[in-house]
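A look at the structure
The residues making up each chain are set out below.
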There are 2 protein chains.
Amino acid sequence: MKALHVAVVGALGAVGQQMISILEASALDISLLKPLDIAENAGKTILFRDKTWTVEESGKGKFTDIDFAIFSAGADASKILAPIAVSEGAIVIDNSSQWRMTEGIPLVVPEVNPQALKDHKGIIANPNCSTIQMLVALKPLHDAYDIKRVVVSTYQAVSGSGAKAIEELKGQSKAYLAKESCECNVYPHQIAFNAIPQIDVFLEGGYTKEEMKMVHETHKILDPRIEVSPTAVRIPVFRSHSESINLEFNKSYELDDVFALLSKAPGVEVIDDPAHLKYPLAIEAEGKNSVYVGRIRRDNSIENGLNLWVVSDNLRKGAALNAVQIAEKMVEMGLVD
Amino acid sequence: MKALHVAVVGALGAVGQQMISILEASALDISLLKPLDIAENAGKTILFRDKTWTVEESGKGKFTDIDFAIFSAGADASKILAPIAVSEGAIVIDNSSQWRMTEGIPLVVPEVNPQALKDHKGIIANPNCSTIQMLVALKPLHDAYDIKRVVVSTYQAVSGSGAKAIEELKGQSKAYLAKESCECNVYPHQIAFNAIPQIDVFLEGGYTKEEMKMVHETHKILDPRIEVSPTAVRIPVFRSHSESINLEFNKSYELDDVFALLSKAPGVEVIDDPAHLKYPLAIEAEGKNSVYVGRIRRDNSIENGLNLWVVSDNLRKGAALNAVQIAEKMVEMGLVD
């Protein structure tokens, strides 16, 4: 198989930078890296595998020599540029929400539904961060016990809202500790030392867009029969989302088997040792690739109930890493010319 | 009715100080305040309703002239001193976990089960903070629709662990922002910019003591038939606990009726206006007396499902305020000689 030409659109953003670092460490044979970004960043350089690559402005004509164009530049940029990239011959892996629910566009977590990649027509969508980590943990359990219903409450990091949100949490925390007033720009309320039960905009029925993404994307990726009841909450954590997940299965289970299934599931690492106070923690997941699962315990309030605590780095498995793994899986499946 | 003599045991602690400030603002007619604490604090003074009161060491013989002894000095102190106070003629309202599950000792949230006060034998137990705010919100809904099951995930403030935990969060936050290493003394892991899925010690079955308190206290206070599946999580918030609560009712409901019931429920304030980004927030509940309920929305994943976001000041309604309200209710019910 030939060496790949890979473009990264939004190369200088928070996720774009993660993308390039993950591509660098991947086993992909990359002979050309094309970092693309907005005009004002053109001319800057990036070091990748011991070579210097110059950032170009993204736009028409930039994808004619590209195998994979990994997009991380927001929904508006993807809407315009992804079809152009496809028409110029690239396979687009898109990190934005633009194409996720479009019929005919595969929405893929490689550990969960790699087979969906076969039907692609040029664009593959990368799911929402909260959904990815939940489904990596749920897939082996669904295969074994047939999940009926999920009640999930999230504890999400500010890095999901980009670099400005990280600065806002830092700035507000410093101001609050110095007893100065806090400025709110990214979030509608103070996030420092607070919990905000709103992520993204409100939709009909009182749910937020983030919450409904978890419902709809679970249906598209894993199984449309699974009922999902989500509450998405932003907390003052810089990186890694945590999720309190309550499951109801149609089939009965043994707790030992759940531990065994999760321990050998691809992408999952079990951290569950209450005697030594070990469980997944946001600050320990930062910079790592796994989806960490712990607090695994039977829910005695219903038949076939289970509680889990699931943590993963929202910028890696929740975004950049999953996109790179999609490219790797497509190469492995022989889907790249 | 005669003016009351009130002792506060643990008067100089975080909850004790809240207690005295709430007693000060209450309608109770108090002619004697007796602040009690450990020996090293004896001799310090407290200003209460324009008079100065001297802190005495708590112990035998201190309760002979007392009507109400409100205890906030931990389970060990309550175990020894509460029976002494009762034998000397005081009614004990105990904030610790020492007597909560003891048969024959009323465990009371005045808005939920005031009738239990009638059967007291000298000690009345104040429930756990996470349970109190949950049950104040659930009571009117249980009366109307018969709650079958509760799945609750908490977002708890550090002040529940006392003054040292507040200092730990401040110190760790400053150190982290200055890129210095964090010291952990109160919690087993860094709490600054993290989420710790453990509150109190682990028990059998993988649940923590805090989680099992929510199960057992709900059964004792509200209804033993209600199934509760809890996950208790500490987050970097100074004050006020937040709770993501999923309910399943036995009876069907109209969403408008839920809003109406909660809006007129004692102790509850509804904040639910997504169009203006209004919902309960920990930082806004601090120092207030209500249990705030918002994000009220139908859970379409089951029949008769409902999601709520419930926030309250853990040191006030979750501790000191509820204790004072128990005293007020006993006076109102004519249970004090």
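Values in this document were obtained by computation on a predicted structure and should not be read as measured data.

Looking now at the overall build of chain A. On a plain count of helices and strands, chain A comes out with eight helices and 14 strands. C-alpha extents for chain A along the principal axes are approximately 60 × 55 × 40 Å. Taking as baseline every contact in chain A between residues at least 6 positions apart, the subset at least 24 positions apart corresponds to 66%.

Glancing now at the relation of the copies chain B and chain A. Take chain B, turn it by 180°, move it 0.0 Å along the axis, and it overlays chain A with an RMSD of 0.0 Å. Accordingly, the operation relating the two chain copies is best matched by a two-fold axis. Of all interface residues in chain B, 100% are interface residues in chain A too; the two copies therefore contact each other through one and the same surface.

Residue and element names in this part refer to chain B. One non-glycine residue, R49, adopts positive backbone phi at about 50°. Along the chain, R49 falls in the loop between β3 (45–48) and β4 (51–54). Residue classification places R49 among the exposed positions, given that 12 C-beta atoms sit within 10 Å. With a phi close to 60°, N304 is a non-glycine residue in the positive phi region. The residue N304 is located in the loop between β13 (291–299) and β14 (305–312) in this model. A residue is classified by how many C-beta atoms lie within 10 Å of it, and N304, with 17 of them, is partly exposed.

In this section: the domain arrangement of chain A. Residues and elements named next belong to chain A. Under the domain assignment used here, chain A contains domain 1 (4–127 + 319–332) and domain 2 (131–313). Between domain 1 and domain 2, the C-alpha centre-to-centre distance is 26 Å. Between domain 1 and domain 2, the residue contacts involve 11 residues of the former and 16 residues of the latter. Considering only residue class, the side of domain 1 that touches domain 2 consists of seven nonpolar, two polar and two charged.

All names here are of chain B. Relative to the elements of secondary structure, Q172 occurs in helix α4 (residues 163–177). Taking the number of C-beta atoms within 10 Å as the measure of exposure, Q172 has 24 and is therefore buried. Between the alpha carbons of Q172 and F48 there is a distance of 35 Å; along the sequence they are 124 residues apart.

Bringing helix α8 (residues 316–332) of chain B into the picture now. Because an α-helix completes one turn every 3.6 residues, residues spaced three or four positions apart along the sequence face the same direction. All names here are of chain B. The end-to-end C-alpha distance of α8 is 21 Å, clearly below the 24 Å that 17 residues give at a rise of 1.5 Å each. Here α8 lies mainly inside the structure; 13 of its 17 residues are buried. One or two residues past the end of α8 sits G334, with phi positive at roughly 70°.

Definitions and cut-offs
- Residues numbered from 1 in each chain as written.
- Chains lettered and ligands numbered in written order.
- Predicted model: local features only at pLDDT ≥ 70, side-chain atom pairs only at ≥ 80, totals over all residues.
- Helix = DSSP H or I, 4+ residues; strand = E, 2+ residues; numbered from the N terminus.
- Contact = placed C-beta atoms within 7 Å.
- Least-squares fit on C-alpha atoms with pLDDT ≥ 70 in both.
- Buried ≥ 20, exposed ≤ 12 C-beta atoms within 10 Å, placed from the backbone.
- Domains from an automatic or database assignment.
- Nonpolar A, V, L, I, M, F, W, Y, C, P; charged D, E, K, R; others polar.
- Expected span 1.5 Å × (residues − 1).

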